[in-house]
Amino acid sequence: MSFKKKDNQIYYNPIRRAVLNHRMIQPGDKVAIGMSGGKDSTSLLYFLDTISKQQRLGFEFDIVPITLAMGFDMDIAPLQEFVEKLGYELEVVPTNIAQVVFDIREERSPCSLCAKLRRGILYKYAKELGCNKVALGHHLDDAIETYFMNFLFHGQMASFDPISYLSKTDITLIRPLLYVEEKQVIQFVKREALPVIFNPCPVDKKTKREEIKQLISGLAQAYPDIREKFIMGMEHGLVENFWTKSMNGPE
């Protein structure tokens, strides 16, 4: 693995800032990383591994890579080799999620159910392994896409939280890549030749999120600083600026 001068500016400083700003990782934490085989979670493992081993937060923390066997025909050997090269063992959890979503339930819009099942199994298994945190590879573009999906489809002006405590499982969910753009992740994965496992899901790249991704791409061409402005709005916007309905009716 190589290191470029700009890696701190593009990757490690934004990740460290996100972690510190939102108190994502503390001394003594055991952090499970949900490994899908995609570029985001693979790069997240690489970055957090470096941050921990180099004590860029001032301390080391434990990392547990976990992947769910969804029931698709996938060759995860390259992912296992990558994880082992970093000094970890990939925890593989067998599931029947694909069968439930596509064969039993025959979902027309399967993403929501699939995500719910995956999260439930991941959190439960992470807890059994003694983890108190679960890190997901959601980056800045994911946050913006979620905001626009909530706005356009549900009339809600909100995205996911950087850190969330899940009381049912006693797990804290964190998103350390929150300040990193997707194109930067893509560039890093290509440069370092990190393994990316083909996603065999039949609805991959055919969802509403993909439509929103294209919408944001178009907006970014007209307004190049849209991502920076999004972070500013989410972290410094005032709730008082939202409209509120009077509970007493007109005077």
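Just so you know, these numbers come straight off a predicted model, no measurement behind them.

**Let's talk about the environment of S36**
Following the sequence through the fold, S36 ends up in the loop between β1 (30-34) and α2 (39-53). A C-alpha to C-alpha distance of 9.2 Å links S36 and G137, two positions 101 residues apart in sequence. Excluding residues within four positions of it along the chain, S36 makes contact with S41 and M74. Of the polar contacts made by the side chain of S36, one reaches the backbone nitrogen of G38; its length is 3.1 Å.

**Quick word on the pattern of salt bridges**
Per the counting criterion, the structure on display carries 16 salt bridges. Put simply, E128 and K124 hold a salt bridge, and the shortest N to O gap is 2.6 Å. Of this pair, E128 and K124 both sit in helix α5 (residues 111-128), separated by four residues, roughly a single helical turn. Neither residue differs from the other here; E128 and K124 are each classed as exposed. Between K183 and E181 there is a salt bridge, and its shortest N-O distance comes to 3.9 Å.

**Considering the side chain of R175**
With respect to the helices and strands, the residue R175 is situated in the loop between β6 (171-174) and α7 (182-192). With no salt bridge to any partner, buried R175 finds its closest opposite charge in D161, at an N-O distance of 6.7 Å. A distance of 2.8 Å separates a polar atom in the side chain of R175 from the backbone oxygen of D161. Each residue touching R175, except ones within four places of it in the same chain, is listed here: M24, R119, L136, H138, F160, D161 and P162.

**Structural notes on the side chain of E145**
Mapped onto the fold, E145 is located in helix α6 (residues 140-154). Excluding its chain neighbours within four sequence positions, the residues that come into contact with E145 are E182, R209, I212, K213 and I216.

**Overview of the packing of aromatic side chains**
Given two aromatic rings, one states the distance between the centres and the angle between the planes to describe the pair. Applying the stated rule across the entire model yields nine aromatic pairs. When the ring of Y46 is compared with that of F188, the centres are 5.2 Å apart and the planes differ by 55 degrees; the resulting orientation is tilted. With Y46 in helix α2 and F188 in helix α7, this residue pair connects regions lying 142 residues apart in the sequence. Comparing Y46 with F188 shows no difference in burial state: the two are buried. Ring pairing ties together the aromatic residues Y11, Y12, Y46, F47 and F188, which thus form one cluster. Geometry around Y12 places R56 over its ring, the cationic atom sitting 4.3 Å from the centre. R175 extends its terminal NZ or CZ atom over the ring of F160, reaching a point 4.1 Å from the ring centre.

**A short note on the packing of helix α1 (residues 7-21) against α7**
α7 packs onto α1 with a crossing angle of 110 degrees between their chain directions and a minimal axis gap of 12 Å. One element, α1, and the other, α7, form an angle in the roughly perpendicular class. In this structure, α1 meets α7 at a crossing whose hand is left-handed. Contacts between α1 and α7 involve D7, I10 and Y11 from the former and Q184, V185, Q187, F188 and R191 from the latter. Along the lines of polarity and charge, the residues of the contact of α1 with α7 split into four nonpolar, two polar and two charged.

**Looking at a negative patch on the surface**
On the surface, D73, D75, E81, E84 and E89 cluster together into a patch of negative charge. Structurally, E81 is set in helix α3 (residues 77-85). Here E81 falls in the exposed class, since its relative accessible area comes to 55%.

**A word on α6**
For α6, with 15 residues, the first-to-last C-alpha span of 21 Å sits near the 21 Å given by 1.5 Å per residue. Summarising burial for α6: 11 of the 15 residues are buried, a large majority. What α6 keeps buried is the set L140, D141, D142, A143, I144, E145, T146, Y147, F148, M149 and N150. The secondary structure elements touched by the buried residues of α6 are α2, α7, α8 (208-222) and α9 (226-236). Among the residues trailing α6, G155 stands out with phi positive, at a value near 65 degrees.

Cut-offs used in this document
- Residues numbered from 1 in each chain as written.
- Predicted model: local features only at pLDDT ≥ 70, side-chain atom pairs only at ≥ 80, totals over all residues.
- Heavy atoms only, no water.
- Helix = DSSP H or I, 4+ residues; strand = E, 2+ residues; numbered from the N terminus.
- Contact = heavy atoms within 4.5 Å.
- Polar contact = N/O pair within 3.5 Å; in protein donor to acceptor, adjacent residues only side chain to side chain.
- Salt bridge = Lys/Arg side-chain N within 4 Å of Asp/Glu carboxyl O.
- Buried < 20%, exposed > 50% of the residue type's maximum accessible area, 1.4 Å probe, protein only.
- Lys, Arg positive; Asp, Glu negative; His and termini not counted.
- Phe/Tyr/Trp six-rings, centres within 6.5 Å; stacked < 30°, edge-to-face > 60°.
- Lys NZ or Arg CZ within 6 Å of the ring centre and 35° of its normal.
- Axes fitted to C-alpha atoms, helices over the stretch in contact; angles between N-to-C directions.
- Parallel < 35°, antiparallel > 145°, perpendicular 65-115°, else oblique.
- Left-handed = near helix turned anticlockwise from the far one by under 90°.
- Nonpolar A, V, L, I, M, F, W, Y, C, P; charged D, E, K, R; others polar.
- Patch = residues over 30% accessible without salt bridge, like charges linked within 9 Å, V, L, I, M, F, W, Y side chains within 5 Å.
- Areas by Shrake-Rupley, 256 points an atom, 1.4 Å probe, with all protein chains shown as cover.
- Charge placed at Lys NZ, Arg CZ, Asp CG, Glu CD.
- Expected span 1.5 Å × (residues − 1).

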